[in-house]
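Here is what each chain is made of, one letter per residue.
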Amino acid sequence: MVELLIRLKFTLGRHTRSGTRWLTVILLVGGTSFTWFLTLAAASDAVRSSLLMLAMAVWTASWLLGPTITNGVGVLRSQYFTLLPLDRNRVGLGLLVTMFVGFGPAMTLVSAAALAWHAYVSDPATLFLGLLGMLALVVFSVSLGRLVFRALGAAMHSRLGMEIASLQWGLIVAGLFFGWVAVQPAFVAVGNLTEQGIEGTAATVLAVLPTSWPVLAVDAAAAGSWSAAFTWLGAFVLLTVVTVLVTGRLLAPSVSTRGVRRRSRPLGSGVLERRRSWLPDTPLGAVVGKELRSWWRDPWRGLELRSALYAGLFIGLLGLLTEIPQVMLFSGVFAVLIMGMGGSNMYGHDGTALWLTVVGQDHDTLRADVRGRQIAIAVLIGPLAALLSAAAIVVSGEYWSIPYVLACLTVFIGVSNGLASLLSVVTVTPGVDPHKRVDANDTGDVQVQVWTMLLTIPLLSAPTMAVLAWGAIQGMPWIAVPVALLNGVPAAWLLGRIAHRRLESRLPETFTRIRYGREIARQSLSTAGGGLLDRLERGALATNEEIKPTGS
């Protein structure tokens, strides 16, 4: 069965066009080269030991974050095998074995081979410990990475788990935006690292990490303490075995119900559900109410909202720790931008539920659907982002920044809101249907949406940014606030209008793409030419990954 699963994985890889594949290859080769550079350039055995502890910790962290960032592309998913008459535990372990076949595990093995080199240079008699530690490190890193990726989806079944998953996603996104702030000093200090190694508190923390135990085993054996060496390596092997067993069990196909179990009414539900609701008794009011409930209650929608807020918070903390207060002041603005990217595949979030809109279409149904989604996002993210920005300003004491932050919040809420609605229609990417979701990022890939928003938001916000820069020079930054209102609101309205007009003209095709995948969707598009929206849709079809099996 394992051989068949491996062949199936290669078949899946051949038919998957990943936009991040070459970037992944470059990062893996660069990481392997840098690991061996540190190993060979170390001034002494002690320095090499500390550098290997750092390198192994970084490689394991990469396995923890990599599958989450890349949506687990190229990975066989347990839900593919749910209905097959196979032993679930055997399937889980077989799926885990497939994770060790590929370019990533191969590069991890080459990097971990630096431990064997360290053992041979320190004392040739310890080479067998280095080889065992090398293999155990690869098994542990790959298994732990898959365990965290799968556990992240399993955690979505509880409210606390969803908050933990949102924290992790927020930290990942914050690192992608401003991780260079923390990485830059490390690159500056590379020359000193090869001479002095890791010292002080950092060395103590690294020594405690399990990924350092094989290195400590080699060092203990080289120093003549074989009992300590076998203890360190035995403990790590035991931990690796436990990780493999837990991961195999977690990867086993499951038919349990999805979603968050709720025992109490959610906070604020009375505003929508009491006898005299604040929402009008119209199609628009119905969509707004439905969207507010979905963003607040649905675990996968809630993940997008909460991770945007956590990312803004972590970006602010990075600015505070690195003494860049300008970054901290605009933490709420970053939360708005990230929420816009997270909401740029709303129809993909809904999955085949779009069928209800198809069969219930009326002359104003689609307009109400798009406008209601826009209103709901603005109501959710606007006050929370403003509160986050206000807290950052109060903590920093930089009250001069109020007009700058207010102008940016105003224009970015409008522009990102409109773009999210338009991209949700034009570049909709099917994910796993809500009732079948298992992993945390089963709602669909958004590569094209994210890059489009990163390039388009500054362009559409240019009038406000120009006036803000002019007002700062003239000492009148407040003049940019009304300009931001006149920039953001029309942008949201116009982009929303384009979105619902596009949906009106291509509603059956949009549903077909969600239901049957890209191959069927391509048949409804011309292969060349067309307008900007057609080219954007073709780009999404060619680039974004489909997480569910084609035609499922």
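Our subject is the structure listed above.
Being a predicted model, the structure only gives us computed values, none of them experimental.

### Quick notes on the overall build of the protein chain
Piece 1. A tally of regular secondary structure across the protein chain gives 25 helices and zero strands.
Piece 2. By the burial criterion, 49% of the 552 residues in the protein chain qualify as buried.
Piece 3. Here the contacts in the protein chain between residues at least 6 apart in sequence split such that 81% fall between residues at least 24 apart.

### Side note on the packing of helix α13 (residues 283-297) against helix α14 (residues 299-321)
Piece 1. One can describe the packing of α13 onto α14 by two numbers: an axis separation of 5 Å at closest approach and a directional angle of 80°. Classified by the angle their axes make, α13 and α14 are roughly perpendicular. Of the residues in α14, those in contact with E291, S294, W295, W296 and R297 of α13 are P299, R301, G302, E304, L305 and R306.
Piece 2. Residue composition of the contact of α13 with α14, by class: four nonpolar, two polar and five charged.

### Re the side chain of R301
Piece 1. Examined against the element boundaries, R301 turns out to sit in helix α14.
Piece 2. Assessed through its relative accessible area of 3%, R301 is described here as buried.
Piece 3. Side chain to side chain, R301 and D350 meet in a polar contact 2.6 Å long.
Piece 4. Not counting residues up to four positions away in its chain, the partners in contact with R301 are E291, S294, W295, M346, H349, D350 and R373.

### Quick notes on the pattern of salt bridges
Piece 1. Per the stated rule, a full pass over the model turns up ten salt bridges.
Piece 2. In this structure, the salt-bridge partner of R48 is D45, at a minimum N-O distance of 2.8 Å. Placement of both R48 and D45 in helix α3 (residues 45-69) is noted, with a separation of three residues, approximately one turn of the helix.
Piece 3. Here D45 falls in the partly exposed class, since its relative accessible area comes to 34%.

### Overview of helix α5 (residues 103-122)
Piece 1. Taking 1.5 Å per residue, 20 residues should reach 28 Å; α5 reaches 30 Å between its end C-alpha atoms and fits that length.
Piece 2. Along α5, the positions that sit buried rather than exposed are G104, P105, M107, T108, S111, A112, A114, L115, A116, H118 and A119.

### Here we look at the packing of aromatic side chains
Piece 1. Per the counting criterion, the structure on display carries nine aromatic pairs.
Piece 2. An angle of 40° between the planes, with centres 6.4 Å apart, marks the rings of W117 and Y120 as tilted. Of the two residues, W117 and Y120 both sit in helix α5, three residues apart, roughly one turn of that helix.
Piece 3. With a relative accessible area of 46%, Y120 lands in the partly exposed category.
Piece 4. Note on W213 and W232: the rings are 6.1 Å apart at their centroids and 45° apart in plane angle, and the pair reads as tilted. With W213 in helix α10 (residues 213-222) and W232 in helix α11 (residues 226-251), this residue pair connects regions lying 19 residues apart in the sequence.
Piece 5. Note on W232: relative accessible area 32%, which makes it partly exposed.
Piece 6. One cation-aromatic arrangement involves R306 over W296; the distance from NZ or CZ to the ring centre is 4.9 Å.

### Quick word on α11
Piece 1. Its 26 residues give α11 an end-to-end C-alpha distance of 37 Å, which sits within 8% of 38 Å, the value for a rise of 1.5 Å per residue.
Piece 2. Within the sequence span of α11, burial applies to A229, L233, F236, T240, T243, T247, G248 and L251.

### Quick notes on the nonpolar core
Piece 1. Ranked by size, the top nonpolar core spans 66 residues in total, and within it W295, I315, F330, Y347, F412, I457 and L503 carry the most contacts.
Piece 2. Judged by nonpolar contacts, the second largest core, of 39 residues, contains M56, M99, M134 and L144.

Criteria and thresholds
- Residues numbered from 1 in each chain as written.
- Predicted model: local features only at pLDDT ≥ 70, side-chain atom pairs only at ≥ 80, totals over all residues.
- Heavy atoms only, no water.
- Helix = DSSP H or I, 4+ residues; strand = E, 2+ residues; numbered from the N terminus.
- Buried < 20%, exposed > 50% of the residue type's maximum accessible area, 1.4 Å probe, protein only.
- Contact = heavy atoms within 4.5 Å.
- Axes fitted to C-alpha atoms, helices over the stretch in contact; angles between N-to-C directions.
- Parallel < 35°, antiparallel > 145°, perpendicular 65-115°, else oblique.
- Nonpolar A, V, L, I, M, F, W, Y, C, P; charged D, E, K, R; others polar.
- Polar contact = N/O pair within 3.5 Å; in protein donor to acceptor, adjacent residues only side chain to side chain.
- Salt bridge = Lys/Arg side-chain N within 4 Å of Asp/Glu carboxyl O.
- Expected span 1.5 Å × (residues − 1).
- Phe/Tyr/Trp six-rings, centres within 6.5 Å; stacked < 30°, edge-to-face > 60°.
- Lys NZ or Arg CZ within 6 Å of the ring centre and 35° of its normal.
- Core = buried A, V, L, I, M, F, W, Y, C linked by side-chain atoms within 4.5 Å.

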